[in-house]
Structures are given as C-alpha cells and as structure tokens.
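A closer look at the structure
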Amino acid sequence: MKHSFTLLLLALGALTSLTAVAQNPCNTPGVVVEANGLSYTPSSLTIEAGETVVWVNYGGTHDVNGVSSTTGATWSNPETFSLPLVSGNSAGVCMGSFTFTEPGTYQYDCSFGAHAANGMVGTITVTPPPSNTVVDIIVNSPDHTTLETAVVAAGLAGTLSGEGPFTIFAPTDAAFDALPAGTLEAVLADNELLTSILTYHAVAGTTLSTDLMDGMVVETLNGESVTVTINAEGVFINDAEVIVADLVADNGVVHVLDAVLLPPTPETNTVVDIIVNSEDHTTLETAVVAAGLVGTLSSDGPFTVFAPTDAAFDALPAGTLEAVLADTELLTAILTYHVVGGTTLSTDLMDGMVVETLN
C-alpha cells in the first residue's frame, strides 16, 4: 500500500512537471504561441512593447519567419525576427523567443514547404507601454480634477509629461475649493498668473519624502522657493500639509497637499506703492483706486506724482471731496492733473517752469 501511494505521488509529480514544460518548455517568461499542424495559436496577438513572445512546436516541422513573406505578401515589420526550423511533438518543443521593443504591426509565417500558402501565418500587434508620468497621476486621480483643468489650461501638460524628472506638490480639489470665492475663476482667466502658481508647485528633479528635511528650502520652477517643515504634526510645504507622499511616476514623483501654495508677491516700489505705504495719503489712495488708475500708475511709466496729503484734502470746502469721489470723470481729471509723464526730480525744477500734466 505504501509503495502504491509513493508511485501515485511520483506519477502526479511527473504529470505536473510535464504540464509545466508543455506550457513553456523554453523556460523564458513570455506570451506563448503554439505551432501545430498548419497554424499558429493564437494567430493574432496584441502585446505591449517590451513583452516577449515564446513559440512552442506541438507537432510537425515549423519555423518562425518575420523577415519577408514566403508567399510574396507585403510586410512592413518595424523590426525583423526569425526562429529556425524545429520538429515538434505532443509534449511541446521550444522554438525560441523574441522580445518586441518597437510598437507597430508585425506579420510572420512558416517558411517550411507550403505551410504559409496553406494559411500558417500570424500577426502580432505591439502597442506602446502605458505612460505613468506625473501628469498621468494627476489625470487619473479623482481628487485632482481642478489641478488637471489648471495644468491643461496653462499648457503645461506637455512639459510635465516630458522626461523631467519633476517633483509635483499637488493640491486636492478640496484645497482649491477652500480658496476665497472668485479666486480660482480669476486665476484660471489669467494665464500668466495661473502659470506662475502652477510652476510654484513644481520642482526640478525627483525629491522623495525621504529626501525632505526640516527647514529645507527648495527652489521651484517658478524661481521662488518653498520651505519644508517637519514636526510632530506632519510634513509641510510652506503651510500646506503633505497628506499623501511618494506617488512615483516614470518622470518624477507627486506629493499631495491639503492647500494651494501661493507664490510671494514680487516686491515693487512704484509711485502707487509709495502712496499706499504712506500714512499721510489714505485719501489719495482711495481716490486713485476709485478712479481705476492703480494699474496705470503701477506700470513702467515713469511718472512724477504731486501727492496731496490727507490734511490737504481735509482743507477742501465741506462736501467737495465727497462730490469729487462720486464723479469718476471729474475725479480722473483732478488726479491726472497731479501726474506728469517722466521722472522730474526736485533738482530738475526751475522758477517759472511750466509742466504739462497727464490731464
């Protein structure tokens, strides 16, 4: 009884081994195509670039000819391949393998005798491998639809799908929703500002969470830098917490943030800045804003501004200031009467000099 049981185990082991060998006697990982009779099975196959196809002969004498058609058909194989004649048997005999690296459509046949003429032909379609860029991670995330929209609107999808590598700090939809009302719409309508904000969330190179250190300052593609803070509460980029780290892509890595990073406003020192920062010119600031002249007077200019103080406005007859502020045309006329084109320093002024204003 013991010997019978042992023989049964040996028989089962041999059968298992035979089955494994029959599936792929080449011992090369890959997609198996069987040659048998006058056909390849499957005769049509779709794989990804980088995958290997293994041919196994289960009967007859066959080869694999992917160089030129035996029957005179026109082929346009992206690269040629061939395996020599092999006689098969029911256990399966390895014919060989080929790894396809170029996407495209490949045709092949058995060049032995009239096998090809009798229909022993095959087709292999090789598709590009699926991409996994930082953009793909954003696009495939259900929590980053707003960021996806913004990246596309700014025309950055192509750049961030390139070789990189890039490190992306990716605010969630909830992070964008937390911005003050109207902010997102305004940003999406201003391509320059949108690009500035998005590039403030991108860093050249692959920076994993293990590369981050407390107090680390990282320069973004915007040109401005962000600061890393690591403490008992978590990891923060400026004031935004990293809630998911190390989503690794083929061209970098994505870290998910719970808030939107806003780049610092560049420091300026325009004539408007001088007025705004002066404690003695609050009324003039109000008037310039009301007249819609902030943008004009913040531009390149240059301008010379004669700036009345708050006390000067207070000295106007009662009701005058209120009336002027209510009449935009009159207000603009008065304000532009205080502005001269060009830079006129005190040393340029002369007694009796007549200066034309923007009015």
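Every residue gets a number counted from 1 within its own chain, in the order that chain's sequence is written. Confidence filtering applies because this is a predicted model: local features only for residues at pLDDT of at least 70, side-chain atom pairs given and counted only at 80 or more, and all residues used for totals across whole chains, interfaces and linings. Computation of side-chain values covers all heavy atoms of the structure but excludes hydrogens and water.

Take unusual backbone geometry next. That bond from threonine 41 to proline 42 is cis: its omega, -5 degrees, falls within 30 degrees of zero. Tracing the backbone through its elements, the reader meets proline 42 in the loop between strand S2 (39-41) and strand S3 (44-48). Positive phi, normally seen in glycine, also occurs at asparagine 238, with a value near 55 degrees. The secondary structure listing takes helices from DSSP runs of H or I that are at least 4 residues long and strands from runs of E that are at least 2 residues long, numbered from the N terminus. One can find asparagine 238 in the loop between strand S13 (234-237) and strand S14 (240-249). Only protein chains enter the accessibility calculation, which uses a 1.4 Å probe; a residue whose area is less than 20% of its type maximum is buried, one above 50% is exposed, and one in between is partly exposed. Given the relative accessible area of 24%, asparagine 238 is considered partly exposed. Residues other than glycine seldom take positive phi values, yet aspartate 246 does so here, at roughly 60 degrees. Checked against the element boundaries, aspartate 246 lands in strand S14. Classification of aspartate 246 by relative accessible area gives partly exposed; the value is 29%.

As a further point, take the nonpolar core. Counting residues in each nonpolar core, the largest one holds 25 residues, and the members touching the most others are Val134, Leu147, Leu160, Ile168 and Leu198. Elements supplying a minimum of two residues to this core: helix H2 (134-139), helix H3 (145-153), strand S9 (166-171), helix H5 (173-177), helix H6 (183-188) and helix H7 (191-199). If you tally residues by element for this core, the top one is H2, at four residues. For the purposes of this section, nonpolar cores are sets of buried Ala, Val, Leu, Ile, Met, Phe, Trp, Tyr and Cys residues that join through side-chain atoms within 4.5 Å. Among the nonpolar cores identified, the runner-up in size contains 20 residues, and Ile47, Phe81, Leu83 and Met95 belong to it.

Looking now at the sheet that holds strand S10 (residues 202-204). What makes two strands pair is DSSP finding at least two bridges between them. Overall, mixed pairing links the seven strands, which are arranged S10-S9-S15-S14-S13-S12-S11 in an open sheet. Looking at strand neighbours, the two that pair on one side only are S10 and strand S11 (217-219), the edges of this open sheet. Here the strands of the sheet are splayed against their neighbours by 30 degrees on average, with no regard to which way each runs. In the sheet, strand S12 (residues 225-231) pairs with S13 via four bridges, with the strands oriented antiparallel. Paired with isoleucine 230 across the two strands is valine 235, which belongs to S13. Think of each axis as a best-fit line through the C-alpha atoms, taken over the contacting stretch in the case of a helix, with angles from 0 to 180 degrees between the N-to-C directions.

The pLDDT value tells you how sure the predictor is about a given residue, anywhere from 0 up to 100. Of all residues in the protein, 94% have pLDDT values of 70 or greater, and the mean over the chain is 92. Pairs of residues are marked as contacts when any of their non-hydrogen atoms sit within 4.5 Å. Predicted confidence is poor over residues 1-22, with pLDDT under 50, and the contacts of this stretch with residues over four places away or in other chains come to four contacts.

Using only the protein atoms, space was sampled on a 1 Å grid; points where a 1.4 Å probe fits but cannot get out form cavities, open sets with protein on both sides within 12 Å along at least five of seven lines form pockets, and lining residues are those with an atom within 4 Å of a point. Grid points are joined across faces, edges and corners, and a volume is the space filled by probe spheres set on the points. Using the criterion set out here, one finds two cavities of 30 Å³ or more in the structure. The space that makes up the largest cavity amounts to roughly 100 Å³. Looking at the largest cavity, it is lined by 15 residues, and the ones nearest its centre are Phe176, Val187, Leu194, Ile197 and Val260. Of all the elements in the fold, those that place two or more residues in the lining of the largest cavity are H3, H6 and H7. Considering each element in turn, the lining of the largest cavity owes the most residues, four residues, to H6. Lys, Arg, Asp and Glu make up the charged group, whereas Ala, Val, Leu, Ile, Met, Phe, Trp, Tyr, Cys and Pro make up the nonpolar group; the residues left over, Gly among them, are polar. Class assignment of the residues belonging to the lining of the largest cavity gives a composition of 13 nonpolar, two polar and no charged. The wall of the second largest cavity is formed by Ile275, Leu284, Val288, Leu297, Val305, Phe306, Leu335, His338 and Val339. Partitioned by chemical class, the residues of the lining of the second largest cavity number eight nonpolar, one polar and no charged.

This part takes up a nonpolar patch on the surface. Nonpolar side chains (Val, Leu, Ile, Met, Phe, Trp, Tyr) within 5 Å and like charges within 9 Å form the patches, drawn only from residues with over 30% relative accessible area and no salt bridge. Surface exposure here means Shrake-Rupley accessible area, sampled with a 1.4 Å probe, where a residue is shielded only by the protein chains that are shown. Just to be clear on terms, a salt bridge is a Lys or Arg side-chain nitrogen sitting within 4 Å of an Asp or Glu carboxyl oxygen. On the surface, Leu349, Met350, Met353 and Val355 cluster together into a nonpolar patch covering about 370 Å² of accessible area. Counting through the fold element by element, methionine 353 comes out in the segment after strand S17 (339-341). Residue class for methionine 353 comes out partly exposed when judged on its relative accessible area of 37%.

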